[in-house]
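Take a look at the letters that make up each chain.
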Amino acid sequence: MLKKIFGSINMTWPKVLILAVALGVYTALMALWVPEHNSFHDIAVTTEGWVLPAVFIMTNCKTPLDSALKTFVFFLISQPLVYLIQVPFAEMGWGLFGYYKYWFIATLLTFPAAFIGWYITKDHIAAGLILSPVLVMNIILGAGYVNTLRGEFPHHLLSAIYCFGFIPVFIIGVLRNRNARILSAAVSVIACIVILVKTFAFPSILVSSNILFDDEEKYSIDETWSAQAADESISKAWIEKRIDGEYSLMMEFYSHDTNKVTLTDGKGNTYVIDMTLDEDNRIVHDE
């Protein structure tokens, strides 16, 4: 059954387009109808739900270029559609597309990734090497959901099961070579042990997010800025470069509480801000 799903379907352009529209509409509806911090809502904001359709397309294409083109077009259609459907119902309106720039960068990266990814169906141990980073990514995301379960059970339970459950599905269903399967399985086991030990060795992270300020001119954060939380048992704060090349304040909260964060710019000016994680897991701040 898995062999037929991953490798025996003629992935035509009409099928790619139908899949892109269907998943785009589904994701938008999940974003609109399902509350945040819910497994069904996760596909609208995280990446693990998009791994399966990407692998599905790649493994059913005839050539590496075919895989790259169809995977790229799939994301080029589905991702903007997610935001377009939400625009009439969102307070931000068209401003919602401000979040699309991160997905657009990821969409561009799908072309080379899918070109290389096509080779996971080949009867060679290299297929295991190519698939392993995808498995490790799923483990990292799954560990994040397990961490959430420690403080908010059963929030994201299905997401955790999904992330870990698809590891054997990909190894058995996608890989053809026995040594490739052994390699990917070994990498997955080692990654699980290391990541889960690290997860449970540190405080439970309730929320990890970048912070957006209304006054972007005042908080024009770049690589010269630094951040320090007053009580690191409540939360941590640091400056991080995002995927789009811009810098922002990042925070991890370990409890629903208020903490003072001191931002220091490149000229030595300091800004002390009260950061609070409320009971709805929203980070609110007083600028």
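Residues numbered from 1 in each chain as written. Predicted model: local features only at pLDDT ≥ 70, side-chain atom pairs only at ≥ 80, totals over all residues. Heavy atoms only, no water.

**Quick look at the sheet that holds strand 7 (residues 283-286)**
Inference 1: Read from one edge of the open sheet, four strands run 2-5-6-7, paired in antiparallel fashion. Whereas interior strands pair on both sides, the edge strands pair on one side only; in this sheet they are strand 2 (226-229) and strand 7. Taken pair by pair, the neighbouring strands of this sheet meet at an average axis angle of 30 degrees, ignoring direction.
Inference 2: Summarising the sheet, strand 5 (residues 258-264) and strand 6 (residues 270-277) pair through seven bridges and their orientation is antiparallel. Across the sheet, residue L263 finds its bridge partner in strand 6, namely Y271. (Pairing = 2+ DSSP bridges. Helix = DSSP H or I, 4+ residues; strand = E, 2+ residues; numbered from the N terminus. Axes fitted to C-alpha atoms, helices over the stretch in contact; angles between N-to-C directions.)

**Section: the side chain of N138**
Inference 1: Position of N138 relative to the elements: it lies in helix 6 (residues 126-152).
Inference 2: With residues near it in sequence (within four places) discarded, N138 still touches E48, V51, C163 and F166. (Contact = heavy atoms within 4.5 Å.)

**Looking at the packing of helix 2 (residues 13-33) against helix 4 (residues 64-86)**
Inference 1: It is at 8 Å that the axes of helix 2 and helix 4 come closest, and there the two elements cross at 30 degrees. Comparing the axis directions of helix 2 and helix 4 gives the class roughly parallel. When you trace helix 2 past helix 4, the crossing you get is right-handed.
Inference 2: Looking at the contact of helix 2 with helix 4 residue by residue, the classes come out as 18 nonpolar, four polar and one charged. (Parallel < 35°, antiparallel > 145°, perpendicular 65-115°, else oblique. Left-handed = near helix turned anticlockwise from the far one by under 90°. Nonpolar A, V, L, I, M, F, W, Y, C, P; charged D, E, K, R; others polar.)

**A short note on helix 5 (residues 100-117)**
Residues separated by three or four positions in an α-helix point in the same direction, a consequence of the helix having 3.6 residues per turn.
Inference 1: Spanning 18 residues, helix 5 covers 24 Å between terminal C-alpha atoms, matching the ideal 26 Å at 1.5 Å per step.
Inference 2: Of all the bends in helix 5, the greatest reaches close to 35 degrees and is centred on T110; the proline P112 follows between one and four positions later.
Inference 3: Within the sequence span of helix 5, burial applies to Y100, W103, T107, T110, A114 and G117. (Expected span 1.5 Å × (residues − 1). Bend = angle between axes of the 7 residues up to and from the residue. Buried < 20%, exposed > 50% of the residue type's maximum accessible area, 1.4 Å probe, protein only.)

**Some words on a negative patch on the surface**
Inference 1: A contiguous patch of negative charge on the surface is contributed by D214, D215, E216 and E217.
Inference 2: Structurally, E216 can be placed in the loop between strand 1 (207-211) and strand 2.
Inference 3: For E216, a relative accessible area of 61% gives the class exposed. (Patch = residues over 30% accessible without salt bridge, like charges linked within 9 Å, V, L, I, M, F, W, Y side chains within 5 Å. Areas by Shrake-Rupley, 256 points an atom, 1.4 Å probe, with all protein chains shown as cover. Salt bridge = Lys/Arg side-chain N within 4 Å of Asp/Glu carboxyl O. Lys, Arg positive; Asp, Glu negative; His and termini not counted. Charge placed at Lys NZ, Arg CZ, Asp CG, Glu CD.)

**Side note on the pairing of strand 5**
Inference 1: Along strand 5, the buried face is formed by N259, V261 and L263; none of T258, K260, T262 and T264, which line the opposite face, is buried.
Inference 2: Here strand 5 hands over to strand 6 after five residues, with G268 in that stretch at a positive phi of 95 degrees.

**Considering the sheet that holds strand 4 (residues 247-253)**
Note: strands within a sheet are paired through backbone hydrogen bonds, in either parallel or antiparallel orientation.
Inference 1: The strand order across the open sheet built from three strands is 1-4-3, with neighbouring strands paired in antiparallel fashion. Each edge of the open sheet carries a strand with a single partner, namely strand 1 and strand 3 (235-241). Geometrically, the sheet is characterised by an average inter-axis angle of 25 degrees between neighbouring strands, direction not taken into account.
Inference 2: Sheet analysis places strand 3 next to strand 4, joined by seven bridges and oriented antiparallel. Among the inter-strand pairings, K241 is bridged to a residue of strand 4, identified as Y247.

**Focus on the packing of aromatic side chains**
Inference 1: Applying the stated rule across the entire model yields 17 aromatic pairs.
Inference 2: For the ring pair Y83 and F97, a centre distance of 5.8 Å and an interplane angle of 45 degrees mean the geometry is tilted. Taken together, the positions of Y83 in helix 4 and F97 in the loop between helix 4 and helix 5 put the pair 14 residues apart, joining distant regions of the chain.
Inference 3: Under the relative-accessibility criterion, Y83 is labelled buried at 7%.
Inference 4: Taking 5.5 Å as the distance between ring centres and 65 degrees as the angle between the ring planes, the aromatic pair formed by Y219 and Y271 counts as edge-to-face. Residue Y219 is found in the loop between strand 1 and strand 2, and its partner Y271 is found in strand 6; the two are separated by 52 residues along the sequence.
Inference 5: Since its relative accessible area comes to 6%, Y219 is described here as buried.
Inference 6: Feature note: the residues Y83, W94, F97, Y100 and F104 constitute an aromatic cluster, connected by ring pairs. (Phe/Tyr/Trp six-rings, centres within 6.5 Å; stacked < 30°, edge-to-face > 60°.)

**Observations concerning helix 4**
Inference 1: Along its 23 residues, helix 4 runs 34 Å from first to last C-alpha, staying within 8% of the 33 Å computed at 1.5 Å per residue.
Inference 2: Judged by how many residues are buried, helix 4 sits mostly within the fold: 17 of 23 residues are covered.

**Looking at the side chain of T110**
Inference 1: In this structure, T110 sits in helix 5.
Inference 2: Not counting chain neighbours up to four residues away, the residues in contact with T110 comprise T71, F72 and F75.

**Some words on the state of the cysteines**
Should the sulfur atoms of two cysteines be covalently bonded, the bond is a disulfide.
Inference 1: Scanning the entire structure with this criterion turns up zero disulfides.
Inference 2: Here C163 is not cross-linked by a disulfide; its sulfur's nearest cysteine counterpart is in C192, at 11 Å.
Inference 3: With relative accessibility at 0%, the residue C163 sits in the buried group. (Disulfide = S-S within 2.5 Å.)

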